[in-house]
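# Structure assessment
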Amino acid sequence: KILRFPLAKVKRVVTHNADDLVTLRNSRIIGEDVLGVVVNGSGVDLSQFTFSGPSLRLMTFIMIARLVKDKGVIEFIEASRLLFTENQGCRFVLVGAHDNVNPSQIDDELIEQFKRDGPVEFLDYVGDIKSLLAEATCFVLPSYREGLPKSGLEALASGLPIITTDVPGCRELVSEGSAITNGFLVSPRSVGDLYAKMSTFTKLAPEEISLMGEASRAFAENKFEVMKINENLAQVLTEGALNDQIT
């Protein structure tokens, strides 16, 4: 309902995933006469986020997100706890800041309890996220829904395997159907499924993990390079089109 007024007279709408465009049409927020353009997120600068690959020195799961429930923060913490009971050789890192104005906010006291109880390490946002990605083995994002998360694109470009939810904006980070997959999809809001996939990942051979990382980088190069996305978007918006476009 919030979107009906600002989108009432537009001729073109750009979304970061195909599901969002379908939702806008099915909800009749935009009409069939409105051109829909789906782009692969805002893209990632591959010259800034170069390939480092998954660190095999210490099995490290990293999540980068605001500390709100809808990002799947609690699921990540609970799944990490379960995994730590069976494999204390793993490290779990959660990078993100409190968001006290979000309806999905997590109570500050609960966050402090999580910090005390472990095993997840909490870090505020850092200036050089690339160094943290270089220390990680796997990027995890159990979000309930996304547009197309920038943190996920940066993880892909860095060559990290991905574990994320099978929901709009997240499933796009996993290259299903490829000869070598770059990650796993899990059910949203499911601690058990997330734990199971994280546990499965720890049992992979180092060679398999490295290949998954290479697949992530190749996926980023083929689909999410920022200059390609900007050029495709500019072309569609300036030249126009008769039908919905997926760039």
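The structure this text deals with has already been given above.
To start, this report covers the structure provided alongside it. These figures come from a predicted structure and were not determined experimentally. Per-chain numbering applies: the sequence of each chain, read as written, is numbered from 1 onward. With the structure being a predicted model, the display of local features is reserved for residues of pLDDT at least 70 and the display and counting of side-chain atom pairs for 80 or more, all residues being used for whole-chain, interface and lining totals. Each side-chain value is derived from all of the structure's non-hydrogen atoms; neither hydrogens nor water enter the calculation.

## Looking at the packing of helix H2 (residues 73-86) against helix H6 (residues 191-202)
It is at 9 Å that the axes of H2 and H6 come closest, and there the two elements cross at 45°. By the angle class used here, H2 and H6 are oblique. In this structure, H2 crosses over H6, and the sense of that crossing is right-handed. Of the residues in H6, those touching H2 at Glu-75, Phe-76, Glu-78, Ala-79, Ser-80, Leu-82, Leu-83 and Glu-86 are Val-191, Leu-194, Tyr-195, Met-198, Ser-199 and Thr-202. Between N-to-C directions, angles cover 0 to 180 degrees, with each direction set by a line fitted to C-alpha atoms, over the stretch in contact for helices. Secondary structure is summarised from DSSP: a helix means a run of H or I of at least four residues, a strand means a run of E of at least two, and numbering begins at the N terminus for each. Geometric relationships in this document are graded by angle, where less than 35 degrees denotes roughly parallel, more than 145 denotes roughly antiparallel, 65 to 115 denotes roughly perpendicular, and other angles denote oblique. Each crossing is labelled by how the near helix is turned from the far one, with a counterclockwise turn of less than a right angle marking it left-handed and a clockwise turn marking it right-handed. We call two residues in contact when some of their heavy atoms are within 4.5 Å.

## What to know about the layout of surface pockets
Lining residues are those with an atom within 4 Å of a point, where the points come from a 1 Å grid over the protein atoms alone and group into cavities, where a 1.4 Å probe fits but cannot get out, or pockets, open sets with protein on both sides within 12 Å along at least five of seven lines. Grid points are joined across faces, edges and corners, and a volume is the space filled by probe spheres set on the points. Here the largest pocket defines a volume of roughly 190 Å³. With three residues, the single largest contributor to the lining of the largest pocket is helix H5 (residues 150-158). Three categories are distinguished: nonpolar for Ala, Val, Leu, Ile, Met, Phe, Trp, Tyr, Cys and Pro, charged for Asp, Glu, Lys and Arg, and polar for the others, with Gly belonging to the last. Classifying every residue of the lining of the largest pocket gives seven nonpolar, one polar and five charged.

## Focus on the packing of aromatic side chains
For Phe, Tyr and Trp, rings pair up if their centres lie within 6.5 Å, where Trp contributes its six-membered ring, and each pair is then called stacked (planes under 30 degrees apart), edge-to-face (over 60) or tilted (otherwise). In the structure shown here, the tally under the stated rule is four aromatic pairs. With a centroid separation of 5.8 Å and 10° between ring planes, the pair formed by Phe-61 and Phe-92 is classed as stacked. Here the residue Phe-61 occupies a position in strand E3 (residues 60-64), and Phe-92 occupies one in strand E4 (residues 91-95), the gap between them amounting to 31 residues. Judged on exposure class, the residue Phe-61 and its partner Phe-92 are both buried. Centre to centre, the rings of Phe-61 and Phe-201 are 5.9 Å apart; their planes meet at 65°, and the pair counts as edge-to-face. With Phe-61 in strand E3 and Phe-201 in helix H6, this pair connects stretches of sequence that are 140 residues apart. Each member of the pair Phe-61 and Phe-201 is classed as buried. Ring pairing ties together the aromatic residues Phe-61, Phe-84, Phe-92 and Phe-201, which thus form one cluster. The criterion for a charge sitting over a ring is simple: Lys NZ or Arg CZ within 6 Å of the ring centre, and within 35 degrees of the ring normal. Looking at Arg-189, its charged tip hangs above the ring of Tyr-144, at a distance of 3.9 Å from the centre. Relative accessibility thresholds used throughout: buried, under 20% of the residue-type maximum; exposed, over 50%; partly exposed, between the two (1.4 Å probe, protein chains only).

## Details of empty space enclosed by the protein
Inspection of the entire model under this criterion finds one cavity of 30 Å³ or more. By volume, the largest cavity is sized at about 30 Å³. Around the largest cavity sit Thr-60, Ile-62, Arg-91, Val-93, Leu-132, Glu-135 and Ala-136, which together line it. Broken down by secondary-structure element, the contributors of at least two residues to the lining of the largest cavity are E3, E4 and helix H4 (129-135).

## Quick look at the nonpolar core
Counting 57 residues, the largest nonpolar core has Phe-61, Ile-62, Phe-76, Leu-94, Ile-163, Met-198 and Phe-201 as its most contacted members. Of the residues forming this core, the biggest block, five residues, is contributed by H2. In this structure Ile-62 touches Val-93, Val-95, Leu-132, Ala-136, Cys-138, Phe-139, Val-140 and Leu-160, once residues within four positions along its chain are discounted. Only buried residues count toward a nonpolar core, which is a set of Ala, Val, Leu, Ile, Met, Phe, Trp, Tyr and Cys residues joined through side-chain atoms within 4.5 Å. In this structure, Leu-21, Leu-24, Ile-30 and Val-38 belong to the second largest nonpolar core, which totals seven residues.

## Some remarks on the sheet that holds E3
Strand pairing requires that DSSP identify at least two bridges connecting the strands. Reading across from one edge, E5-E4-E3-E6-E7-E8 is the order of the six strands in this open sheet, with parallel pairing throughout. Each having just a single partner strand, strand E5 (120-123) and strand E8 (183-186) make up the two edges of the open sheet. Each strand axis lies, on average, 20° off the axis of its neighbour in the sheet, ignoring direction. Pairing geometry for E3 and E4, over five bridges, is parallel.

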